[in-house]
Amino acid sequence: MPADLNDPMTLKLKTLRNRLLTEQRDLISIAAEINALPSDKTIQKIASLEVAIGAVESMLDEEAGERTAK
């Protein structure tokens, strides 16, 4: 496994991304189980998690780019 994949910050970011994805998937699964439109709060939470996931993935991409440039 390349050393950059073991970078402490990369590992922390991947762990955070996984937690965010799990939370988002759980909310979507719960929303799918009900026979009504999910509450605005649930929809907003899913959307907020999507934004956070994107931000973490951007940081992961930046870190990968920085390592490649070195």
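Please refer to the structure higher up on the page.
Quick summary incoming for the structure in this document. (Residues numbered from 1 in each chain as written. Predicted model: local features only at pLDDT ≥ 70, side-chain atom pairs only at ≥ 80, totals over all residues. Heavy atoms only, no water.)

### Some details on a negative patch on the surface
Part 1 of the reasoning: Residues Glu50, Glu57, Asp61, Glu62 and Glu66 make up a contiguous surface patch of negative charge.
Part 2 of the reasoning: Judged by its relative accessible area of 32%, Glu57 falls in the partly exposed class. (Patch = residues over 30% accessible without salt bridge, like charges linked within 9 Å, V, L, I, M, F, W, Y side chains within 5 Å. Areas by Shrake-Rupley, 256 points an atom, 1.4 Å probe, with all protein chains shown as cover. Salt bridge = Lys/Arg side-chain N within 4 Å of Asp/Glu carboxyl O. Lys, Arg positive; Asp, Glu negative; His and termini not counted. Charge placed at Lys NZ, Arg CZ, Asp CG, Glu CD. Buried < 20%, exposed > 50% of the residue type's maximum accessible area, 1.4 Å probe, protein only.)

### Let's talk about the side chain of Gln24
Part 1 of the reasoning: Tracing the backbone shows Gln24 in helix H1 (residues 8–33).
Part 2 of the reasoning: What makes Gln24 buried here is its relative accessible area of 7%.
Part 3 of the reasoning: A polar side-chain atom of Gln24 sits 3.2 Å from the main-chain carbonyl oxygen of Ile46.
Part 4 of the reasoning: In this structure Gln24 touches Ile46, Leu49, Glu50 and Ile53, once residues within four positions along its chain are discounted. (Helix = DSSP H or I, 4+ residues; strand = E, 2+ residues; numbered from the N terminus. Polar contact = N/O pair within 3.5 Å; in protein donor to acceptor, adjacent residues only side chain to side chain. Contact = heavy atoms within 4.5 Å.)

Keep in mind these values describe shape, not function.
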